[in-house]
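# Structural overview for review
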Amino acid sequence: MARWCYRHRLVVLLLWVGALFGLGAASSTAGTNYAEVFSLPDTDSKRAYDQMKKAFPERAGDTDTVVWKVEEGSVRDASVRSRIEPALRDIGGMKGVGEVASPYGARGAAQISEDGRIAYAQVTFAEQADAVPKDLVQDVVDTAQDAEGDGLQVELGGQAITRVEEPPTGTAELVGILAAAVVLFLAFGSLFAMLLPILVALFGVGTGMFSTQLLSHVTNVPELASLLSTLIGLGVGIDYALFIVTRHRKGILRGMDPEESAVTALNTSGRAVLFAGGTVCIALAGMLVTNLRFLDGVVIGTSLTVVLSVLAAVTLLPALLGLLGHRVLSRRQRRRLAVQGPEGERPSGLAARWSASVERRPRSVAALALVLMAVLALPLLSLRLGTVDQGNNEESTTTRKAYDLLAEGFGPGFNGPLQVVVNGDGTDGLVTSIRQTEGVAQAAAAPPANGVTVIQVIPTTSPQAEETDRLIDTLRDDVIPDAGVEAHVGGVTAVSKDFASVTADRLPLFIATIIGLGFVLLLIAFRSVVVPLTAAVMNLIAAAASFGVLVAIFQWGWGLNLLGLGQEGPIAAFLPIIMLSLLFGLSMDYQVFLVSRMHEEWVHTKDNARAVRVGLAETSRVINSAALIMVCVFMAFVLSGDYGAAMAGVGLAAAVALDAFILRTALVPAAMHLLGNSNWWLPAWLEKRLPHLAVEPKEEAVAAQSPAAQGPASVIHGFVRTADGAPVEGAAVALLSKGGRQLDRVESLADGSYIVSVPAPGTYLLATTGTPYASRARQVLVGDGPLVYDVELADAADVAEGEVDAVN
């Protein structure tokens, strides 16, 4: 497939462009039909909501507030009422608004602050916040704020109002892409090579996003799916293309023809990309075991984007590589290749030195990495799941201003009222008991309907406070049972608490599911019990440390001001499941790319120390570059203006950084050095029963197996001469496998003679370089005996037919 895409590059490119613009046009025409299906079965807040919907269908929806404040005088003044009351009447007459409770009514005295300067009205919609049309919410906001001016401030708060304050889209994504472009240019030194991963990611994310929008018309997909699809799509799309392009560039630098190098890159790194993409999808699918139905659409959207990103990497990318040819290298690399010939396979530089250091001191490296991760994980012990509210919004938003005004005039509990829904009689005694409960500021019962009464309870503390959670437990466990009535505690704050409890209860099953599935995949891929076990432990360590960082920043408030994200609070209850899905999928990516190279070397040499050293030296740089790109993309979502998105971005950035820079670069290779050959242990009975799933191509393994397994070892020998027959001394002659592995390298003697070792019969690439002559590379077929092959070096213009210059 890679070869076909390379040779038919224009066709492939046109197909992808057509798919992108076609899906874009279709989604633009059809629009979106996102559905926020949020349900918590078998919870007290859900039973309260069901009772309210049955008895008060016009009041079962979301309740938001219109808050106003006067600079001088009182909100009771006729000049204020003459502007506010018409606006409230207009809002009450809108289709989709159940009722408006005004402070100027018979029962509205409690809705005016003691000093008379702040008042609020409650607007109850017919639906829950996520189901209220945005147009209706915007009409409510505009109508209310038209009344302000001349010393009157009008603000609105509530869950539905938040929907019209969504930040402008595209800024965070653009910043992330620009940061990724800088990292790619520093890694490649080539503008064209830098653009390749970005283009592939944009095609994958674009087609995935448009497809998700179309799917929203046939299944329940929440808006959250679009954000997460973009987040994960940009990260994996750029990373997957980066791995393949890096392997392709390495092949060209080792003397391979661009087409063969591209095919080899797809046959090696491309296989790893397919496997890694599958692990990400499996990790995302693990969310389904939580039985939280609103996550189903998230799984569909994110998984579809990952699949399309992988498809772009293995089809569109080879087509783009065909268009670029040698221009995928920088000019300096092309000049050096023309002058010095193919590079050797031996890794060098900082990565090689670090790999050697880990091999020499594995115990010290492992101990240091473990201590660091343990320290970062300590804040996890105080993790508290909850919900973010308007108090975390930017200070310039109307919801944040309304939140602050309510807290100023009536206390922080007004921002998260509770609704005790009573079925039957006994309301008066229950109201009295609730008023006497510690932590209750106010409690008032609304007129009953159909045998159901709603008691509005205002806590003395904010919705995010632990004291509010304890008050809900007290009402449910003590006050209501003692009153001897059937009642349930609902409201936004109670729903958030129940969601956090349900999430915490189902989290162990979710973690066990994705860890178990990842273990099975790695077991099949690498034919080892220890490698997947090590990966599972490392994933848990990474998760613990990343959540420790998240708690320290967002729950303890360390450095929160630097991010410009407001006040500290609990960790969003939905974040652990989503973040763990993405983290486990991405960390498995890095594990696959790292260990697949180690496994490839182990198959060739059966030397664990060499396999770990070479694998780390050759992959650590690209893994760290990929991780740095991920960190840039995720951190850019701090600029989105959405507190929840910023929390997810920071958490994922911390998780990827710790996983790549500490675990995969230090702890994993150190542990594998300490474990020795047991890394690759697999019981014989299990080996017979496991299906075969090759992450590396079988051809590579066959070409490098022992001579006894494939045939007798042999040699290639001959002379290196110029066009006029003069011997060339000191010419570098390298024998490479079809996959680009250097098998032997020698220099010609004074008479131009050379001899290289051949491990087994087969087809190889013989590359010859001699300054100032043009480099030569040609495939040779070696049989059971020695092969005599003379090399003639000449100027590039004199290259003989049937041979190719190593560069051109």
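As the structure is a prediction and not an experimental result, all values here were calculated from the model.

The rules behind each value
Residues numbered from 1 in each chain as written. Predicted model: local features only at pLDDT ≥ 70, side-chain atom pairs only at ≥ 80, totals over all residues. Heavy atoms only, no water. Helix = DSSP H or I, 4+ residues; strand = E, 2+ residues; numbered from the N terminus. Buried < 20%, exposed > 50% of the residue type's maximum accessible area, 1.4 Å probe, protein only. Contact = heavy atoms within 4.5 Å. Lys, Arg positive; Asp, Glu negative; His and termini not counted. Charge placed at Lys NZ, Arg CZ, Asp CG, Glu CD. Pairing = 2+ DSSP bridges. Axes fitted to C-alpha atoms, helices over the stretch in contact; angles between N-to-C directions. Salt bridge = Lys/Arg side-chain N within 4 Å of Asp/Glu carboxyl O. Patch = residues over 30% accessible without salt bridge, like charges linked within 9 Å, V, L, I, M, F, W, Y side chains within 5 Å. Areas by Shrake-Rupley, 256 points an atom, 1.4 Å probe, with all protein chains shown as cover. Parallel < 35°, antiparallel > 145°, perpendicular 65-115°, else oblique. Left-handed = near helix turned anticlockwise from the far one by under 90°. Nonpolar A, V, L, I, M, F, W, Y, C, P; charged D, E, K, R; others polar. Core = buried A, V, L, I, M, F, W, Y, C linked by side-chain atoms within 4.5 Å. pLDDT = per-residue confidence, 0-100. Expected span 1.5 Å × (residues − 1). Arc of directions from axis to C-beta. Phe/Tyr/Trp six-rings, centres within 6.5 Å; stacked < 30°, edge-to-face > 60°. Lys NZ or Arg CZ within 6 Å of the ring centre and 35° of its normal.

### A look at the overall build of the chain
Regarding its fold elements, the chain presents 26 helices and 19 strands. Viewed in the frame of its principal axes, the chain has a C-alpha envelope of about 110 × 50 × 40 Å. Burial status across the chain gives 56% buried among its 808 residues. In the chain, of all internal contacts separated by at least 6 residues, the share reaching a separation of at least 24 is 77%. Looking at charge distribution, the chain has the averaged site of its 59 positive side-chain charges lying 9 Å from that of its 79 negative ones.

### A look at the sheet that holds strand S4 (residues 152–157)
Taken together, the four strands give an open sheet; going across it, the order is S2-S3-S1-S4, and neighbouring strands pair in antiparallel fashion. The sheet is open, and its two edges are formed by strand S2 (97–101) and S4, each paired on a single side. Along the sheet, successive strands turn relative to each other by an average axial angle of 20°, direction set aside. Bridge count between strand S1 (residues 63–70) and S4: six bridges; the pairing is antiparallel. Pairing of Lys69 across the sheet is with Gln153, part of S4. Sheet strands in contact with helix H4 (residues 78–92) are S1, S2, strand S3 (118–125) and S4, and its direction is about 160° off that of S2.

### Remarks on the pattern of salt bridges
A complete count under the given rule lists 18 salt bridges for this structure. Put simply, Asp44 and Arg476 hold a salt bridge, and the shortest N to O gap is 2.9 Å. Of this pair, Asp44 sits in helix H3 (residues 44–55) while Arg476 sits in helix H17 (residues 466–483), placing them 432 residues apart in sequence. For the residue pair Asp44 and Arg476, the accessibility class agrees, reading buried in each case.

### Considerations on a nonpolar patch on the surface
Together, Val182, Phe185, Leu186, Leu191, Phe192, Leu195, Leu199 and Leu202 make up a nonpolar patch on the protein surface, roughly 720 Å² of accessible area in all. Every element with two or more residues in the nonpolar patch is listed here: helix H7 (171–188) and helix H8 (191–215). Per element, the largest residue contribution to the nonpolar patch is five residues, and it comes from H8. Checked against the element boundaries, Leu191 lands in helix H8.

### Quick word on the sheet that holds strand S9 (residues 486–490)
Sheet architecture is open: four strands sit in the order S7-S8-S6-S9, paired in antiparallel fashion. The open sheet terminates on both sides in strands that have one partner only, identified here as strand S7 (440–445) and S9. Mean inter-strand twist for the sheet, computed between neighbouring axes without regard to direction, equals 20°. Where S7 meets strand S8 (residues 452–459), five bridges bridge the pair, whose relative direction is antiparallel. Residue Gln442 lies in a different strand from S8, and its bridge partner there is Ile458. Strand contacts of helix H16 (residues 427–435): strand S6 (418–423), S7, S8 and S9, with the helix running at about 170° to S7, the strand carrying the most contacts. Of the strands in this sheet, S6, S7, S8 and S9 touch H17, which is tilted by about 175° from S9.

### Describing the pairing of S3
When you tally the buried positions in S3, you get eight out of eight residues, the bulk of the element. Judged by which residues are buried, S3 turns out to be covered on both faces: Ile118, Tyr120, Gln122 and Thr124 on one side and Ala119, Ala121, Val123 and Phe125 on the other are all buried. As judged from the four bridges shared by S2 and S3, these two strands associate in the antiparallel manner. Residue pairing across strands places Val100 opposite Val123, the latter belonging to S3.

### Regarding the side chain of Thr230
Looking at the secondary structure, you find Thr230 in helix H9 (residues 223–253). If we skip the residues at most four places from it in the chain, Thr230 touches Glu173, Val205, Met209 and Phe637.

### Topic: the packing of helix H2 (residues 9–30) against H8
For the pair H2 and H8, the least separation of the axes is 9 Å and the interaxial angle reads 30°. Between H2 and H8, the angle falls in the class roughly parallel. Helix-helix and strand crossings are classified by hand; for H2 and H8 the assignment is left-handed. For the pair formed by H2 and H8, the contact residues are Trp16, Val17, Ala19, Leu20, Leu23, Gly24, Ala26, Ser27 and Ala30 on the first element and Phe203, Gly206, Thr207, Phe210, Ser211, Gln213 and Leu214 on the second. Classifying every residue of the contact of H2 with H8 gives ten nonpolar, six polar and no charged.

### Let's talk about the nonpolar core
Counting residues in each nonpolar core, the largest one holds 157 residues, and the members touching the most others are Met287, Phe554, Tyr590 and Phe634. Leave out the neighbours within four places in its chain, and Tyr590 touches Asp239, Phe243, Ile623, Ala626, Ala627, Met630, Val656, Asp659, Ala660 and Arg664. Tyr104, Val132, Ala144 and Leu156 belong to the second largest nonpolar core, which has 30 residues in total.

### Here we look at the packing of helix H19 (residues 530–555) against helix H21 (residues 575–605)
Relative orientation and spacing of two packed helices are given, respectively, by the angle between their axes and the distance between those axes. Here H19 crosses H21 at 135°, and the two axes come no closer than 10 Å. When the interaxial angle is binned, H19 and H21 end up oblique. For H19 against H21, the interelement crossing comes out right-handed. Every residue of H21 that contacts H19 at Val531, Ala535, Asn539, Leu540, Ala542, Ala543, Ser546, Phe547 and Leu550 is listed here: Leu575, Pro576, Met579, Leu580, Leu583, Phe584, Ser587, Met588, Gln591 and Val595. Residue composition of the contact of H19 with H21, by class: 15 nonpolar, four polar and no charged.

### Quick notes on the side chain of Gln122
Here Gln122 lies in strand S3. When neighbours within four sequence positions are excluded, Gln122 is seen to be in contact with Thr63, Asp64, Thr65, Glu99, Val100, Ala101, Gln111 and Gln456.

### Thoughts on the confidence of the model for the chain
Chain-level pLDDT for the chain is 83 on average; 92% of the residues reach the 70-or-more range. Counted against residues more than four places away or in other chains, residues 698–710, with its pLDDT under 50, gives 19 contacts. Note on residues 799–808: pLDDT under 50 across the span, and 23 contacts to partners over four residues away in sequence or across chains.

### Some words on H2
A rise of 1.5 Å per residue sets the reference length of H2, with its 22 residues, at 32 Å; its end C-alpha atoms lie 31 Å apart and thus fit the reference within 8%. Three or more residues of H2 are buried, namely Val12, Trp16, Leu20, Gly24 and Ser27. Seen along its axis, H2 keeps its buried residues to an arc of 100°; they face one direction. For H2, exposure combined with an orientation more than 90 degrees from the buried face picks out Leu10, Leu14, Leu15, Phe21 and Thr29. Against helix H1 (2–7), H8 and helix H11 (294–324) lie the buried residues of H2. Just past H2, the residue Gly31 takes up positive phi, approximately 75°.

### Considering the packing of aromatic side chains
The description of an aromatic ring pair rests on the distance of the ring centres and on the angle between the ring planes. Evaluation of the coordinates by the stated rule reveals eight aromatic pairs. With centroids separated by 6.1 Å and ring planes inclined at 40°, the aromatic side chains of Trp68 and Tyr104 adopt a geometry described as tilted. Here Tyr104 lies in the loop between S2 and S3 and Trp68 lies in strand S1, a separation of 36 residues in the sequence. Of the two residues, Trp68 and Tyr104, both sit in the buried class. What links up through ring pairs into an aromatic cluster is the set Tyr120, Phe410 and Phe414. Against the face of Tyr6 rests Arg9, its NZ or CZ located 5.4 Å from the ring centre.

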